[in-house]
Amino acid sequence: NLRELSNKEYLGILLSKIKSKQEDLSSLHGYKPVFIKISPDEQLENLREICTSILNYKLDGIICSNTTAEHDDKNGYGGLSGKPLKKKATQRLMEIKNIVQDRVPIIASGGVMSVSDHKEKIDAGADLVQIYTGFIFEGPELVHELVNL
């Protein structure tokens, strides 16, 4: 039930505790940014609430998105990543960008399997792009291609 933490009744408590801990640790270790990773399964109304809370609590940015649990993959339940996630993750990225504008950076993730997928995320409003599944399936060649854009 991890995704319940993004519900309004928990979100403010969670983000305030995260921000407080960040401030406490900053005095010991220097300031370290905190980015909140948002599920691609969030509906637009809840995305607005999450993004507004991120801005209100002055967190440093957003990662859009993690895996989707809304699928009918033949392998069964669980988080799905990679190419099947790309369209949904990019749609959420555009919605989040529309909400937060340029007030916090956004790291895009979800279905980045190629240079063209990377470009799609940048064009949709990402400031940075994270790869994971693409790296697993494509290997270091994908990294080489992205570094040499």
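As a convention, each chain's residues are numbered from 1 in the sequence order in which they are written. With pLDDT at 70 or above as the cut-off, local features in this predicted model cover only qualifying residues; side-chain atom pairs require 80 or more to be listed or tallied, and sums for whole chains, interfaces and linings still use all residues. Side-chain numbers here rest on the full set of heavy atoms in the structure, without hydrogens or water.

Colleague: Teacher, can you tell me more about the overall build of the protein chain here?
Modeller: Counting from the N terminus, the helices are the DSSP runs of H or I reaching at least four residues and the strands are the DSSP runs of E reaching at least two. When its secondary structure is counted, the protein chain shows six helices and four strands. Going from the N terminus to the C terminus, the protein chain shows its helices and strands as α-β-α-β-α-β-α-β-α-α. Whether a residue is buried, partly exposed or exposed follows from its accessible area with a 1.4 Å probe, protein chains only, as a fraction of its type maximum: under 20%, in between, or over 50%, in that order. Put simply, the protein chain has 149 residues, and 40% of those count as buried. Across the protein chain, contacts joining residues at least 24 apart in sequence account for 64% of those joining residues at least 6 apart. Counting only carbon and sulfur atoms, one obtains 54% of the accessible surface of the protein chain, whose full area is about 9,000 Å². Should any heavy atoms of two residues lie within 4.5 Å, those residues are counted as being in contact. We get accessible surface area from the Shrake-Rupley algorithm with a probe of 1.4 Å; when it comes to residues, only the shown protein chains can shield them.

Colleague: What should I look at first to understand the nonpolar core in this one?
Modeller: One recurring pattern in soluble globular proteins is that nonpolar side chains are buried together. If you look at the biggest cluster of nonpolar residues, it comprises 21 residues, and the most contacted ones within it are Ile38, Cys51, Ile54, Ile62, Leu93, Ile96 and Val100. Of all elements in the fold, only helix H1 (8-29), strand E1 (35-38), helix H2 (44-56), strand E2 (61-64), helix H3 (86-100) and strand E3 (106-108) reach the threshold of two or more residues within this core. Discounting chain neighbours no more than four positions away, the residues touching valine 100 are Cys51, Leu55, Ile62 and Ile106. Throughout this description, the term nonpolar core refers to a set of buried Ala, Val, Leu, Ile, Met, Phe, Trp, Tyr and Cys residues connected via side-chain atoms within 4.5 Å.

Colleague: Looking at this structure, I do not really get H1. What am I missing?
Modeller: The α-helix winds at 3.6 residues per turn, so residues separated by three or four positions along the chain end up facing the same way. Here, expected helix span is obtained from the residue count minus one, scaled by 1.5 Å. With 22 residues, H1 extends 31 Å between its outermost C-alpha atoms, agreeing within 8% with the 32 Å of an ideal straight helix rising 1.5 Å per residue. Looking at H1, one finds that the buried residues are Leu11, Gly12, Leu15, Lys19, Gln22 and Ser26. Down the axis of H1, the sector holding all buried residues measures 95°, keeping them to one side. Turned more than 90 degrees away from the buried face of H1, the exposed residues are Glu9, Lys17, Ser27 and Leu28. Contact partners of the buried residues in H1: E1 and H2. Arc definition: it is the arc formed by the directions from the helix axis to the C-beta atoms.

All we've got here are geometric facts, nothing functional implied.
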